[in-house]
Amino acid sequence: MAKLILSMDGLVLKEIPLNKERLSIGRKPHNDIQIDNLAISGDHAVVVTILADSFLEDLNSTNGTLVNGQPIKKHFLRNNDIIELGKYKLKYLADLQASVAASDFERNAAIRSGQLKMPSELQLESGDTITRSSVGLASVPKPPSPLPGAAIQLLNGPNAGKELDLTKTLTTLGKPGLQVAVIAKRPHGFFITHVEGRQFPVVNGRSLDAQAYPLGDHDVIEIAGIKMEFFLKG
Amino acid sequence: MLGHGCQPASCFVLDPFFRKIARVITENCLEIAVSTDPGVVSSHNEDSVFADARLGLAIIADGMGGYNAGEVASGMATTRLAADLDRVISSSALQAACQAGDTATIERHLLNEVSAANFAVFHAAASSSRYAGMGTTLVLAWFHNNRMTVAHVGDSRLYRLRGDEFALLTRDHSLLQEQLDSGMITPEEARYAGNRNLVTRALGVDPAVDVEIGTFDVSRGDIVLLCSDGLNDMVEDEEIALALRTLGGNLQLAADHLVQLANDNGGRDNVSVILIKVREDFATGRNWWQRMRDMLK
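So, a few notes on the structure that sits alongside this text.

Calculation criteria
Residues numbered from 1 in each chain as written. Chains lettered and ligands numbered in written order. Predicted model: local features only at pLDDT ≥ 70, side-chain atom pairs only at ≥ 80, totals over all residues. Heavy atoms only, no water. Helix = DSSP H or I, 4+ residues; strand = E, 2+ residues; numbered from the N terminus. Buried < 20%, exposed > 50% of the residue type's maximum accessible area, 1.4 Å probe, protein only. Contact = heavy atoms within 4.5 Å. Areas by Shrake-Rupley, 256 points an atom, 1.4 Å probe, with all protein chains shown as cover. Arc of directions from axis to C-beta. Phe/Tyr/Trp six-rings, centres within 6.5 Å; stacked < 30°, edge-to-face > 60°. Lys NZ or Arg CZ within 6 Å of the ring centre and 35° of its normal. Pairing = 2+ DSSP bridges. Axes fitted to C-alpha atoms, helices over the stretch in contact; angles between N-to-C directions. Salt bridge = Lys/Arg side-chain N within 4 Å of Asp/Glu carboxyl O.

**Description of the overall build of chain B**
Tallying secondary structure elements over chain B gives nine helices and 13 strands in all. Out of the 297 residues in chain B, the part that is buried amounts to 61%. When contacts within chain B are restricted to residue pairs at least 6 apart in sequence, those whose partners lie at least 24 apart make up 71%. Total accessible area on chain B is roughly 10700 Å²; 51% of this is exposed by carbon and sulfur atoms.

**Observations concerning helix α2 (residues 92-100) of chain B**
Residues and elements named next belong to chain B. Turning to α2, its buried residues are L94, Q95, A97 and C98. Along the axis of α2, the buried residues cluster in a sector spanning 165°; they form a single face. Residues of α2 that are exposed and point over 90 degrees away from its buried face: S92 and A100. Backbone geometry just after α2 places G101 at a positive phi near 65°.

**Overview of the packing of aromatic side chains**
Residue and element names in this part refer to chain A. Within the structure shown, the criterion is met by four aromatic pairs over all chains. With centroids separated by 5.2 Å and ring planes inclined at 70°, the aromatic side chains of F55 and F76 adopt a geometry described as edge-to-face. Taken together, the residues F55 in strand β6 (residues 53-58) and F76 in strand β9 (residues 74-76) connect sequence positions 21 residues apart. Both residues of the pair, F55 and F76, belong to the buried class. The residue whose ring lies beneath R186 is F191, and the NZ or CZ to ring-centre distance is 5.2 Å.

**Some words on the sheet that holds strand β16 (residues 179-186) of chain A**
Within the open sheet, the four strands sit side by side as β15-β16-β17-β20 (chain A). Their pairing is antiparallel. For this open sheet the edge positions go to β15 (170-175) and β20 (213-214) of chain A, each flanked by a neighbour on one side alone. Pairing analysis gives eight bridges linking β16(A) to strand β17 (residues 189-197) of chain A, with the strands arranged antiparallel. The partner of R186(A) across the bridge, within β17(A), is G189(A). Most of the contacts of helix α7 (residues 237-247) of chain B go to β15(A), to which it runs at about 15°, and overall it touches β15, β16 and β17 of chain A.

**Some points on the environment of A167(B)**
Residue and element names in this part refer to chain B. With respect to the secondary-structure elements, A167 resides in strand β9 (residues 165-168). In this structure the C-alpha to C-alpha distance between A167 and D237, which are 70 residues apart in sequence, comes to 9.1 Å. Not counting residues within four places of it along the chain, the set of residues in contact with A167 comprises L158, Y159 and R160.

**Thoughts on the sheet that holds strand β14 (residues 163-165) of chain A**
All names here are of chain A. Read from one edge to the other, the open sheet built from six strands follows the order β14-β13-β22-β21-β18-β19, with strand pairing classed as antiparallel. In this open sheet, the two strands that pair with only one neighbour each are β14 and β19 (206-207). Pairing of strand β18 (residues 202-203) with strand β21 (residues 220-223), which is carried by two bridges, proceeds in the antiparallel orientation. Within β21, the residue paired with V202 across the bridge is E222.

**Quick look at the pattern of salt bridges**
Residues and elements named next belong to chain B. With the rule as written, the count across this model stands at 19 salt bridges over all chains. Here R157 ties to D172 by a salt bridge, and the two come within 2.9 Å at their closest N and O atoms. A residue pair is termed long-range when its members are at least 10 positions apart, and R157 in strand β8 (residues 157-162) and D172 in the loop between β9 and α4 (175-181) qualify at 15 residues. Given the relative accessible area of 14%, R157 is considered buried. The class of D172 is buried, set by a relative accessible area of 9%. With a closest N to O distance of 2.2 Å, R171 and D181 form a salt bridge. Of the two residues, R171 sits in the loop between β9 and α4 while D181 sits in helix α4, which places them 10 residues apart along the sequence. Owing to a relative accessible area of 38%, R171 belongs among the partly exposed residues under this scheme.

This is the structure:
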């Protein structure tokens, strides 16, 4: 979890974990971080945290908020940023492990944090930023079980015996201008689709139509006179 | 403001209420394929799409706003622009500008039409509480005399594949892009940032809109992609490029595959794709579309 280290004159006063979506800073007692000092406005600033990202926003405080010596209105916090409010300093320490894990998670599970609603603080500021129509929260998809690898082996022609691993999301087969088909690697399997040419691919002796056809282990494909076998790899 | 003009027979506006629409138009020098889908998460499509090879015009608008207002905003912008630009493109002023290669005049005409569409959406939003706060992004490309003029507002994009080079020709008007530009975050951080849905410019939000417009050259074999953020948020640029290179021979398949990729990766948002392949050179003294019209007469 990311955190803020509050200090004054080099003396560490407090360590504040960023475990809330909205963490307010100010002189008034209702703030999450109350700093009872006249240089601090009643409602001075707010830190908004969404997953691994934190934003600092100054709430039109009288004396302003500095980050790394520069006055800011809104700021995307980065590791080791120093926030200054009057004589007080807050050091932002990002949780680098979590952000790496979060991004991995996003990638693998294909969940985008974009679907989370932004807190209102960041949405509208004198109407110059518009929130995109937000789509409801997706039900969390199951992390796809890793698809087994697959390959095709040529059965005839000059390159008979040659193997071609299907590692990319699209692999083309055939001769451009004559007949081309493509094998798409999708989360739930491998699919062959006709791309161009008058002849359609033949799988296990049957000609396909324009629809994608799901390939099964040991299916035999024929494209432009070349026969090849599709097989899954352990 | 609504219902302005009528659609020529060969034009079509995709009704955002349809669940899924895909269609190819092949006419003269441009081949166009369109695919739009609500995605996996949402049941309705707030994207609106228009493409017409005869006019050489392609438009995507991605609406925003509560209830159905997003669909209203994007539909309104697209319908209006399609009708108005059809008229403008046929006007003698624009024909002359095309022949003279007068980019400034062409851009000015397009800007006028986008501004008018902006005002129409703004006016509708202001006059009905149901539509309050609605807006839409826009990306529009008009092909003329071996060039294309591209206007955009918000985070809908235009890419061009030329040979092996796949380039993004528009720059998003989004908070994320502004943070990138100011160096607040790195491109690596931006990939996983949570605020990718905030746009800084949109059609219909203010009485006037700041439209970014530019003209690019186009050559035979180019494939131009217009898309809503439902595509580029879910699919990496390299995957998009691979799909265009591999499936460019079958444009509709390429368009459908891109939508499928976005849905396979989670399909968080509506996704719309227009692909335009330049089949022939269309630089002549007389406009290619004019020759086409003469042929049709």
